[in-house]
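Inside the fold
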Amino acid sequence: MLKRLIQPHSIIITVLIFLFIWLLNFLQLNMHYLDPFNNGLKDYEITDIVYSYLFEHPSEDMSQIVLVNSGQPDRVRIAQLVDKLSAAGAGVIGLDILFEKRLNTTIDSNLQQSIKNAGNVILACELQDSDGMYDKFDKIVGIHPYFEEAGDIGFVNFPANGTKTIRIFSPQEKVNQDTAFSFATAIVQKFKPEAAHKLFERNRPVEYIHFVANKSDFVRYEQDRLIDSMSTEELRSVVENKVILVGYVAEDIWANPLTDRHYTPLNKNYVGKSIPDMYGVVIHANVINMVLKSQYIKTVPKWFANLLSVIFCYLNVLIIHWIYFNFHEAFHGITRALQIIEFILLFFIIALLFYHFRLKLEFRLGILALLLAYDIIMIYESLIKRRIPLFNRIPNHINFKLLTIKKRQTIDDIEKTNEQNTTDQ
Amino acid sequence: MRKKLWLIFSLNIFYLGICEAQSPQFKVLYTNSSSGIVFEQQGQSQKRVFPGLTLPSTGSMVFEAGKWADLMYNGKKKRLQGPASYDMAQLANSMKSEKKSTFLSRFWKFVNNSVSPSDNTSQLEKYHKEYLTNARAGISGFGDAKYAIKIPLYFSELIADAHLKFYWDSIPVRNGYIFEITSRETEQVIFKAITKSNTLSLNLDELNLDPSEVYEWMVKAVKPAGELAVSPISYFSFVPNEVADLIQEIKTDDDYQDLEDYEKDMFLLYNLEEEGAYHTAYLTYQKLINENPDNKLNQQLFASFLARMNALDEAIRTIKAGK
């Protein structure tokens, strides 16, 4: 068994595969312009498919959060809204609106008073790093100090890459000597402090967002309808002890489809061109839901995923190598079929782990190794072994039996020599 | 070991029994209107339906035309649209019977669909007919079936004349048109009539309308195929004194006084339209044309006014009559 599993040539090929991957990674050539498909795939994860195609939305009850569409925000109406929500016993009111400037003394004063009176309003702000060193943030912007003093604040920034797909969020950041909390974290702190405590205990700089719902899965209101046509009692039955998020979440088909809309893993067009799929306030809602229910995404440690990739690659090399020697003529077809089956199986396992256990297994390296295995074996067998005689001298198998006998013989020889020496003396 | 397994099995059955006993309820996620959607249950008064409300699976939901709501039941979403009445028990049964797909079936569907014939341009060319309806570059125009009955705008805003002859575009209908006037504030129907033709003469004085209130009128009809056709809602206030005051105010304006006689008419008409006294402007245009049938300018201005009032057919008739 051991003889079959440990084969020197397969070990060399595995090393060559990972050397090749390392070299590609080391060179960091951006050749995506040659291949538009890869350009689309640059920002893609298998879990995106799980979210967009394999999850059924809504996958759970989201009635703890109510969304209110502010439309184009009007400070008079927002003050009225805060008063009304507060009177109806809303748990926390999150205003995902940046009040950057003061506009009108009376109106601003009313809004500030409403926020102060409610006592459970979280306002949006932004983090700014003036020196561009990205070690820490030095400024909170997007909110005027006049409003900042009226309620608690939370930053609405999300880490996003070139394609602006939002997958993770940062629970808290250092701003000079102070700690600033994200909008969602600040809301949970107010609404359910023990859930926020759990989040801090995890002590992770960023958390993957567990996206379970889009706009249509939430209870949602138009701001005007809520203010003008709902009695306080009616409203109480809907908002009492709930998280109310106010932001731009338009229903009207004529609304601007790009205002505060972002790409998330829920986008069905996970590669190539598409329209952003989720409003910012809905992303906050997903984060809040995740933290409130402690449904965090678990990640397999990188070292373990890499170790799995190496073992997976080596086993594949062994099998493909065996096919190469035993079914030489059909080698190409069998290997490609095997790769496709393995790829689907791998995809299934990774998706299943994520779907049922929210366990994220980063297996990119293993998949890349699987794709390269066939070609590297071909190169090794038809080029390297033929051109470099040293590799030809390496045996196909290590004979462990022989090694054991030889080892035994050596020990016996030493013992014999020792005995001989003793006798001579 | 067997005893343990038996215990787990029994607990599971017990748990499932509890779940079954707690029958799920409907959750209203969104409604497109704050009125016109009600929930009725035997022996109880009607309840207004709004987002966030939880409804039992007995009773019925009644939707007026153009009103809709998104509901969630047993983890499944459904949009209900009016005009219609939905029996909640029936709805619950049909939603319960809808099978939820499994993870495995969704996975297979995804893998299977990944290799579709339209994956590259040449394949798309080959199968273009199959994929031609996937994308549409354009928007719905004014011929939207949402408002199959068109109404002129000059029966809206400020109305001063009590004797009105409402009219709307004629369409093929099964039995006739239902004409309704409702109070915007109380949502009470003030006047309702069924008429065979596309006109209705009405004396607003008889309706005892409050000048400080806003009323809405609309027309509904059932098309021969059974679909409901509606007109847009038109808002108006019956304010004879206010319009009279407005005319008086315009006429005492210094600018008005300085104008030539023919200019005065134009000035008055312009201001009436600006202030929303469309019907008075409409009658004034008609009076002007009757007084001087050969004045081409008046005819063109009236046609232009009618076009602005969404009465294109009448505008065309006016231009043709002037030729």
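Keep in mind that what you see is a predicted model, and the values were worked out from it rather than measured. (Residues numbered from 1 in each chain as written. Chains lettered and ligands numbered in written order. Predicted model: local features only at pLDDT ≥ 70, side-chain atom pairs only at ≥ 80, totals over all residues.)

1. Things to note about the overall build of chain B
Formally: Secondary structure elements follow DSSP: runs of H or I no shorter than four residues count as helices, runs of E no shorter than two count as strands, and numbering proceeds from the N terminus. Put simply, a residue is buried when 20 or more other C-beta atoms lie within 10 Å of its own C-beta and exposed when 12 or fewer do; between those, it is partly exposed, and each C-beta is set from the backbone. With C-beta atoms placed from the backbone, a contact is any residue pair whose C-beta atoms sit within 7 Å.
If you tally the helices and strands in chain B, you get 11 helices and 16 strands. Evaluated residue by residue, chain B yields a buried proportion of 22% over its 323 residues. Summarising the internal contacts of chain B: among those between residues at least 6 apart in sequence, 54% fall at separations of at least 24.

2. Let's talk about the interface of chain B and chain A
Where we set the bar: Three categories are distinguished: nonpolar for Ala, Val, Leu, Ile, Met, Phe, Trp, Tyr, Cys and Pro, charged for Asp, Glu, Lys and Arg, and polar for the others, with Gly belonging to the last.
Each partner contributes residues to the interface: chain B has 14 residues there, and chain A has 20 residues. Among the elements of the structure, β1 (26-31) and α3 (103-114) of chain B are those that each provide at least two residues to the side of chain B that touches chain A. For the side of chain B that touches chain A, the element with the most residues is α3 of chain B, which contributes 5 residues. Residues that form the side of chain B that touches chain A fall into these classes: 8 nonpolar, 2 polar and 4 charged.

3. What about unusual backbone geometry?
A positive phi angle, close to 50°, is found at R358 of chain A, a residue other than glycine. With respect to the helices, strands and loops of the structure, R358 of chain A is situated in the loop between α14 (331-357) and β15 (359-360). When the 16 C-beta atoms within 10 Å are taken as the criterion, R358 of chain A is described as partly exposed. A positive phi is found at E187 of chain B, a non-glycine position, where the angle reads about 60°. The exposure class of E187 of chain B is exposed, given the 11 C-beta atoms found within 10 Å.

4. What about the sheet that holds strand β6 (residues 68-73) of chain B?
Residue and element names in this part refer to chain B. Keep this limit in mind: Any two strands between which DSSP finds at least two bridges are classified as paired.
Read across the sheet, 4 strands follow the order β4-β1-β6-β7 without closing on themselves; strand pairing throughout is antiparallel. Two strands in the sheet have a free side with no partner beyond their single neighbour: β4 (54-55) and β7 (76-81). Pairing geometry for β1 and β4, over 2 bridges, is antiparallel. Among the inter-strand pairings, K27 is bridged to a residue of β4, identified as T54.

5. Observations regarding the packing of helix α13 (residues 302-326) of chain A against α14 of chain A
All names here are of chain A. Basically, it comes down to this: Note on geometry: axes are C-alpha line fits, over the in-contact stretch for helices, and angles between N-to-C directions span 0 to 180 degrees. If an angle is under 35 degrees, it is roughly parallel; if it is over 145, roughly antiparallel; if it lies from 65 to 115, roughly perpendicular; otherwise it is oblique. Whether a crossing is left-handed or right-handed is set by the direction in which the near helix is turned from the far one by less than a right angle, anticlockwise for left-handed and clockwise for right-handed.
Two numbers describe how α13 lies on α14: the axes approach to 9 Å, and their chain directions differ by 160°. Taken together, the axes of α13 and α14 are roughly antiparallel relative to one another. As α13 runs across α14, the sense of the crossing is right-handed. On the side of α13, the interface is formed by I320, I323 and Y324, while α14 contributes F331, I334 and T335.

6. Brief notes about the nonpolar core
Our working definition: Connectivity within a nonpolar core runs through C-beta atoms within 7 Å, and the core itself is a set of buried Ala, Val, Leu, Ile, Met, Phe, Trp, Tyr and Cys residues.
Ranked by internal contacts, the top residues of the largest apolar core, which has 119 residues, are L123, I187, I244, I288 and A373 of chain A. Judged by nonpolar contacts, the second largest core, of 36 residues, contains M218, V219, A221 and Y285 of chain B.

7. With respect to the confidence of the model for chain A
Convention followed: Confidence of the predictor at the level of single residues is given by pLDDT, which spans 0 to 100.
For chain A, per-residue confidence averages 83 on the pLDDT scale, and 84% of positions sit at 70 or higher. When the criterion is pLDDT under 50, residues 30-42 of chain A qualifies, and its contacts beyond four places in sequence or with other chains add up to 6 contacts.

8. Some points on the packing of helix α8 (residues 261-275) of chain B against helix α9 (residues 278-291) of chain B
Residue and element names in this part refer to chain B. Their axes nearest at 8 Å, the elements α8 and α9 cross at an angle of 155°. Considered as vectors, α8 and α9 are oriented roughly antiparallel to each other. Considering how the two elements wind past one another, α8 and α9 form a crossing that is left-handed. Between α8 and α9, the contacting residues are D265, L268, L269, L272 and E273 on the first element and Y278, T280, A281, T284, Y285 and L288 on the second. Residue composition of the contact of α8 with α9, by class: 7 nonpolar, 2 polar and 2 charged.

9. Overview of the confidence of the model for chain B
Residue and element names in this part refer to chain B. Averaged over every residue, the pLDDT of chain B is 82; the share at 70 or more is 81%. Below pLDDT 50 for its whole length, residues 13-21 participates in 0 contacts with residues either more than four positions away or in separate chains. Across the interface, the model reports ipTM at 0.72; the global pTM reads 0.65.

10. Details of the sheet that holds strand β3 (residues 47-48) of chain B
Residues and elements named next belong to chain B. The sheet built from 4 strands is open, its strands ordered β3-β2-β5-β8 with antiparallel pairing. The open sheet has two edge strands with one neighbour each: β3 and β8 (84-87). Relative to strand β5 (residues 60-63), strand β2 (residues 37-40) is paired through 4 bridges, and the arrangement is antiparallel. Its bridge partner being in β5, I37 is matched across the sheet by F63. Contacting β5 and β8, helix α2 (residues 88-97) crosses the sheet at an angle of about 70° to β8.

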